[in-house]
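Overview (structure and organization)
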Number of protein chains: 2
Amino acid sequence: MLQWDMAAVMPDGGAAARGEQMAELREVAHELLVDEEVGEWLRSAREDAVRDGAEAWHLADLDEMERDRRHAVAVPPALVARHSRAASACEIEWRGRRDANDFAGVLPSLREVLGLVREIAAAKAEAFGTTAYDALLDEYEPGGSSAEIDRLFAELSTFLPGLVDQVVEKQRAEGAPAAPQGPFPVEAQRRLAERVMRGLGFDFAHGRLDTSHHPFCGGIPEDVRITTRWNEDDFLRGLLAVVHETGHALYERGLPAAWRRHPVGRARGMSVHEGQSLLVEMQVCRSAAFLGWLAPVAREAFAASPPRKSGGVVGRAGMADDGSWSTAALRRRATRVARTLIRVDADEVTYPAHVILRYRLERAMVDGALDPADLPGAWRDGLREILGVEPPDDRTGCLQDIHWYAGAFGYFPTYTMGAMTAAQLFDAARRAAPRIEAEIAEGRVDSLLAWLREHVHSKGSSLSTHDLLVQATGRPLDAGIFRRHLERRYLRDEAA
Amino acid sequence: MLQWDMAAVMPDGGAAARGEQMAELREVAHELLVDEEVGEWLRSAREDAVRDGAEAWHLADLDEMERDRRHAVAVPPALVARHSRAASACEIEWRGRRDANDFAGVLPSLREVLGLVREIAAAKAEAFGTTAYDALLDEYEPGGSSAEIDRLFAELSTFLPGLVDQVVEKQRAEGAPAAPQGPFPVEAQRRLAERVMRGLGFDFAHGRLDTSHHPFCGGIPEDVRITTRWNEDDFLRGLLAVVHETGHALYERGLPAAWRRHPVGRARGMSVHEGQSLLVEMQVCRSAAFLGWLAPVAREAFAASPPRKSGGVVGRAGMADDGSWSTAALRRRATRVARTLIRVDADEVTYPAHVILRYRLERAMVDGALDPADLPGAWRDGLREILGVEPPDDRTGCLQDIHWYAGAFGYFPTYTMGAMTAAQLFDAARRAAPRIEAEIAEGRVDSLLAWLREHVHSKGSSLSTHDLLVQATGRPLDAGIFRRHLERRYLRDEAA
C-alpha cells in the first residue's frame, strides 16, 4: 500500500520519509522472521505435520514459510538494511540522472547497490548451495534456475531473429496502419478502460484504477490496485497497459481465500504472474476477436466526448471516416513489430531480445564479469548484436529500466518466461473450453477466467511453477507453443 | 497512511483486510515497545542523560518514550488486540446502524468495546495512580486531568447558556442572512480551497487535499494529507472544513525537523492540535477581516466556472446581485449561531455544550455509572438540559459521532480545550505582531504563522501543554479569553 501510494498519489516532498518508512517496515519484518524461536516453531510444526499426515496444502504452506525464512536468515539484518537504504537512494538518484542522460552521475550509487547485491547473493548462494545468480532469481521465481533459462532462451534465439526479419519485412510491404486522430480526453479513456476491465472480470468493489508514471499492479487480493498512464494522442497505449495490469489483478483477486495471509495463499512467482498479465494483454486483447469487439466500442467512447477545437475547426476526436477505426487498422496497430530501443514499448516479437540482453548483462554483473562502468558499452554492443539497433544515448539504453537501480537483479528473465507461460496456458484453456474465443469476440472472458481460476489462480503457491504448468497444460514450459502463437499471428494472420 | 487511504481512496471491499492490517501493525508495534529490553535501554539512557547533564530536549525525548512505554506495558497485549479488533468491528457495524437509526443493533458491539475500554482504563489507572477516565484522557491529552476540565467546563457553564440566549435573540432580530445560490461545481470549490490553503501557508510539495466522508488531517510532517467533503449547494461548508484541517496540517508541517521520528518531535497533544485548527478556522477565517478578502475571491471563483442550466435558464451559479456575495452576508453566514443537534455542524458558541454533554456521558460510562443501554435516553435528557433541544431519533443523537464506537473514550473534551487554546494563542499573537490583522485582510497569515512556528509548532513535545501555553501567552488556559472573543464577535460585532 505504501508503494502504491508512493507511485500514485504521494507528493514529491514525502519521498525521503517514505523510503525510511518502507525500510523500517522491511527491517522489522525481517527481524521477526529470523528470530531463532520462529525456526523452532517451523521445525516442530513440520514434525507434527509429518507425524499426523497433514494435507498437502498445509505441507506446502510450511514449505513456503521455510523458503521465506531461508532467504531471511541467509543475510545479516545490517546487510538487508544497507541494501534497502542504498537501493532507495539509488532509485531516487536514477530518476534525475536518467532524465539528464547522466550514467556517470548514477554510477557510484549503482556500484554501491551492486556491491551489496553481490554480498547478498554470495551469502544466499552459500546457504542454498546454488550459484549467486540463481540465489537472486529464487526470490522472484521460486525454484527457477539459470540452466533452464539458458535452455529456453537458446531455443528462442534459434527462431526469433529470423522471425523478426520476416515479420518486419511483411509489415513494411503492407504499409503503416492508419491511426485515429486525437486528442483522446483522459476522462473518456478512463471510462473506456473501466468498461474493458469490467468485461475482463475486474471487481471494482475490491480494486481501483489510478494513474502513475509506470503502470503496475499492487495491493492485496481484497483490494487490488492497478495503474496506467494516459497518452492523449494514442488511447491504445494506456488501454493496453490497463489490460496487462488487469491480468495481474485477476490473479491476485483469484488467490485462494481460505489461505489468505498464509504464504501458500500467495501468487506462485513472477513468471506465472507475468503469464497472467500477458495472457490477458497479448493472447486475449491483441487478438483479432477482441479487437473486433473493441474497435466500435472505442470509437463510440470518444465520439461521446465533448467536441475539441483544433486549428479553428470544431470537431470530434478522430471521427473522420478514413478507416482508422476499422478492426483491421486497430489490429495492425496492436500487432505492429519494430526493432526499437525501449523494452516497455516493445512488441511481443522483439520483447524477448530486450530481456535476453538484460539477463546476460545482469548475470555478468552479479558474477563480477562485468563492471558497472562498462555497462553502457556492453548494452550498446549487446543490443546491436541481438536486435540490430543501437541506442544513441544511455537514457534510451542502460538507464531506461528501474530494476537494477532499485536493487532488483534476477527479475528480468521472468518477463519472457511469462510470455511463454501465457501462450501455453491460453492454448490449453482454448482446447478445454472452445467457447472462449466467441466470448472474447463479445469483450468478455467468463469461460477463460473460470479456467484460470480453477487451474492457476486458486492454486496459490501449493504447487511448484513446473507442477502448476504440467497439471494445467500437460507439459513443462515449452518455447514451441510460444513460437507457434507468434507465427500464426504475425506470419499467417490467423484470427487468434 | 493506511488510515488516510481507508478514508480517502480504499474500495469498500478492502475494509476487513485493512482492519486486520492495522491491528497487526499495532500489535507488532506494541510488542516491540513492551519488550523488557526496551525498558532496560530507557533506564540506562536516563542514567546516562542525568549523569552527563543532557540538554532539555533529550530529557523530554526520554520522558515521551517512557510515557509511550508506560501506556503500552500497562495493558496486556491480548487485551490491546481484543480492543483493536472489537473497535474495528464496532465501527463498521456503527456505519450501517447509524444510517438505519438502529442503536439497539449496535448496542452489543458498543457494550463489548466499552467493556474492553474499561479493562484498559482500570489497568492504566492502577499503573499510573490516576482515575480510570484520566488514564484514558492521557492518551490524547498528556498530563490532562478531569479536575482541570471540570473547573474550565464549570466556568464555561456560568456564561455560555446566557450568551447563547443573547446571540440567538440578536440574530433573530437581524433576520436570516442571504446565501448565494448554487450549484457550486466541486472542481471550482477545490480550486478556491487550494488558493485559500496556499494563502494560509499549506505546502503542496509536502501535502495533499482529498475528499472523504469526514474531514480529517493525517500523514506525517513531510507528507500531510487533509480531506474535506464538498457540498454543491453550499461552498462555505467544505471550505471551512478545509481551513480547519489546514490548521492541523500547519502544525504537523512545523514540527521540529531535527527531532523527526523522535517522540519529542511529535505534536504536543490533542488540545494544542485542535487549538491550531480552530485558530485558523474560528479566529482567522471566520473573522470579518478574512471574510472581507474572501467574499470577492469566492464570487470570482464561481463566476469563472462553466454556466449551468437551471429551470430552462442558462446562468452562472449565484451571480445575481442580491447582496448574497457581500462581506456582510458572508460574515453573518459564517457566524450564525443556532441550537442544533449535530456537533460537527455546530457553531463556536454552542459547540462547547455538545462537548460537555459527551464528556459527562463518557465519564459516566467509563466509571460504570451509565449503562450503554441507557445512552439514548441520557443523551436526549442531557442535550435538552444543556442546550434546550432534543433529538427526534438516535441517528441525530447518540449515534452521530464515531468516537465511542471506534473505541475512543476521553477524546471529546480536547475539542473545547482546543477552542479556548485557539482564542488564547491568537490573542497573544496579535498583541506580539500587530500586522497580523492587516495580513489576514489580504488572505494571508505570514506573521501569524511565523509566531506559531516559533511559539508552538517548533516546540514539538518538549514542553507540557501547560508550560507551552504559559511560555507562549504568559498564563495557563483561561476561559475568560475565549469568553471575551465570543462576546466581541457575537454581541458587539467587532471586526475580529
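Looking only at helices and strands, chain A features 20 helices and five strands. What you see for chain A is a C-alpha radius of gyration of 23 Å, in line with the 23 Å of a compact globule of 496 residues. In terms of its C-alpha atoms, chain A occupies a principal-axis envelope of roughly 70 × 55 × 45 Å. Taking all 496 residues of chain A together, 41% fall into the buried category.

Bringing the relation of the copies chain B and chain A into the picture now. By a simple turn and slide, chain B fits onto chain A: the slide is 0.1 Å along the axis, the RMSD is 0.0 Å, and the turn is 180 degrees. Look at the turn and shift together and you get a two-fold axis relating the two. Looking at the interface residues of chain B, 100% of them are also at the interface in chain A, so both copies use one shared face.

Right, let's talk about the interface of chain B and chain A for a bit. Facing 20 residues of chain B, the contacting portion of chain A comprises 20 residues. Broken down by secondary-structure element, the contributors of at least two residues to the side of chain B that touches chain A are helix 1 (2-8), helix 2 (15-34) and strand 1 (207-211) of chain B.

Moving on, we come to the environment of glycine 269 of chain B. Residues and elements named next belong to chain B. Tracing the backbone shows glycine 269 in the loop between helix 10 (235-253) and helix 11 (270-285). Judged by the 24 C-beta atoms lying within 10 Å of it, glycine 269 falls in the buried class. Along the sequence, glycine 269 and alanine 364 sit 95 residues apart, while their C-alpha atoms lie 23 Å from each other. Not counting the four nearest positions on each side in its chain, glycine 269 is found in contact with Tyr140, Glu141, Pro142 and Thr465.

Here we come to the sheet that holds strand 3 (residues 223-228) of chain B. Residues and elements named next belong to chain B. Read from one edge to the other, the open sheet built from three strands follows the order 1-3-2, with strand pairing classed as mixed. The sheet is open, and its two borders are formed by strand 1 and strand 2 (217-220), each paired with just one other strand. Put simply, the sheet's adjacent strands are angled 20 degrees from each other on average, direction ignored. Across four bridges, the pairing between strand 2 and strand 3 is antiparallel. Counterpart to cysteine 217 in the pairing with strand 3 is isoleucine 226. Lying over the sheet, helix 10 contacts strand 1, strand 2 and strand 3, oriented at roughly 165 degrees with respect to strand 3.

Turning next to helix 19 (residues 465-473) of chain B. Residue and element names in this part refer to chain B. If you check which residues of helix 19 are buried, you get Thr465, Leu468, Leu469, Ala472 and Thr473. When helix 19 is viewed along its axis, its buried side chains cluster within an angular range of 95 degrees and face the same direction. The secondary structure elements touched by the buried residues of helix 19 are helix 11, helix 16 (413-432) and helix 18 (446-455). A positive phi of about 90 degrees marks glycine 474, the residue just after helix 19.

Attention now moves to helix 5 (residues 77-99) of chain A. Each turn of an α-helix holds 3.6 residues, which means side chains three or four residues apart point in the same direction. Residues and elements named next belong to chain A. Over its 23 residues, helix 5 extends 34 Å from the first C-alpha to the last, a length consistent with the 33 Å expected when each residue adds 1.5 Å. Buried residues of helix 5: Val80, His83, Ser84, Ala87, Ser88, Cys90, Glu91, Trp94, Arg97 and Arg98, and no others. Tucked inside the fold, the buried residues of helix 5 contact helix 2 (15-34) and helix 6 (103-128). Positive phi appears at asparagine 101, one or two residues downstream of helix 5, with a value of about 55 degrees.

Further remarks concern the sheet that holds strand 3 (residues 223-228) of chain A. Residue and element names in this part refer to chain A. Strand order in the open sheet formed by three strands is 1-3-2, with mixed pairing between adjacent strands. One side of each edge strand has no neighbouring strand; the edge strands of this open sheet are strand 1 (207-211) and strand 2 (217-220). Geometrically, the sheet is characterised by an average inter-axis angle of 20 degrees between neighbouring strands, direction not taken into account.

A few words on the packing of helix 7 (residues 132-140) of chain A against helix 14 (residues 351-367) of chain A. Residues and elements named next belong to chain A. At a minimum axis separation of 9 Å, helix 7 and helix 14 run at an interaxial angle of 120 degrees. Between helix 7 and helix 14, the angle falls in the class oblique. Between helix 7 and helix 14 lies a crossing of right-handed hand. Of the residues in helix 14, those touching helix 7 at Ala132, Tyr133 and Leu136 are Arg363, Val366 and Asp367.

Moving on to the confidence of the model for chain A. All names here are of chain A. In the predicted model, chain A carries a mean pLDDT of 94, and 96% of its residues have values of at least 70. Every residue in residues 309-315 scores below 50 in pLDDT, and together they form four contacts with partners more than four places removed in sequence or on other chains. Both confidence scores are given for the complex: pTM 0.90, ipTM 0.89.

Residues and elements named next belong to chain B. For strand 3, the buried fraction is high: six of the six residues fall into the buried class. Side chains Asp223, Arg225 and Thr227 of strand 3 all project onto a buried face; the interleaved residues Val224, Ile226 and Thr228 project onto the opposite face, where all are buried too. With five bridges connecting them, strand 1 and strand 3 associate as parallel partners. Bridge assignment links arginine 208 to a residue of strand 3, and that residue is arginine 225. Between the antiparallel neighbours strand 2 and strand 3 lie two residues.

Below, the discussion takes up the packing of helix 16 (residues 413-432) of chain A against helix 20 (residues 479-491) of chain A. Residue and element names in this part refer to chain A. For the pair helix 16 and helix 20, interaxial distance at closest approach is 8 Å and the crossing angle is 80 degrees. In terms of their interaxial angle, helix 16 and helix 20 are classed as roughly perpendicular. Contact residues: Ala419, Met420, Ala423, Gln424 and Asp427 in helix 16; Ala479, Ile481, Phe482 and His485 in helix 20. For the contact of helix 16 with helix 20, the per-class residue count stands at six nonpolar, two polar and one charged.

Further remarks concern unusual backbone geometry. Residue and element names in this part refer to chain A. Cis geometry marks the peptide bond from glycine 182 to proline 183; its omega dihedral reads 0 degrees. Within the chain, arginine 261 stands out as a residue other than glycine whose phi angle is a positive 70 degrees. Within the fold, arginine 261 resides in the loop between helix 10 (235-253) and helix 11 (270-285). Arginine 261 sits in the exposed class, given 12 other C-beta atoms within 10 Å.

The next thing to look at is the environment of proline 372 of chain A. Residues and elements named next belong to chain A. With respect to the helices and strands, the residue proline 372 is situated in the loop between helix 14 and helix 15 (375-387). Residue proline 372 is classed as buried on the basis of its C-beta count, with 22 C-beta atoms lying within 10 Å. With 10 residues separating them in the primary sequence, proline 372 and glutamate 362 have C-alpha atoms 9.7 Å apart. Apart from the residues within four sequence positions on either side, proline 372 is in contact with Leu107, Leu110, Arg111, Leu114 and Met365.

Thresholds, definitions, all that
- Residues numbered from 1 in each chain as written.
- Chains lettered and ligands numbered in written order.
- Predicted model: local features only at pLDDT ≥ 70, side-chain atom pairs only at ≥ 80, totals over all residues.
- Helix = DSSP H or I, 4+ residues; strand = E, 2+ residues; numbered from the N terminus.
- Rg over C-alpha atoms; globule rule 2.2 N^0.38 Å.
- Buried ≥ 20, exposed ≤ 12 C-beta atoms within 10 Å, placed from the backbone.
- Least-squares fit on C-alpha atoms with pLDDT ≥ 70 in both.
- Contact = placed C-beta atoms within 7 Å.
- Pairing = 2+ DSSP bridges.
- Axes fitted to C-alpha atoms, helices over the stretch in contact; angles between N-to-C directions.
- Arc of directions from axis to C-beta.
- Expected span 1.5 Å × (residues − 1).
- Parallel < 35°, antiparallel > 145°, perpendicular 65-115°, else oblique.
- Left-handed = near helix turned anticlockwise from the far one by under 90°.
- pLDDT = per-residue confidence, 0-100.
- Nonpolar A, V, L, I, M, F, W, Y, C, P; charged D, E, K, R; others polar.

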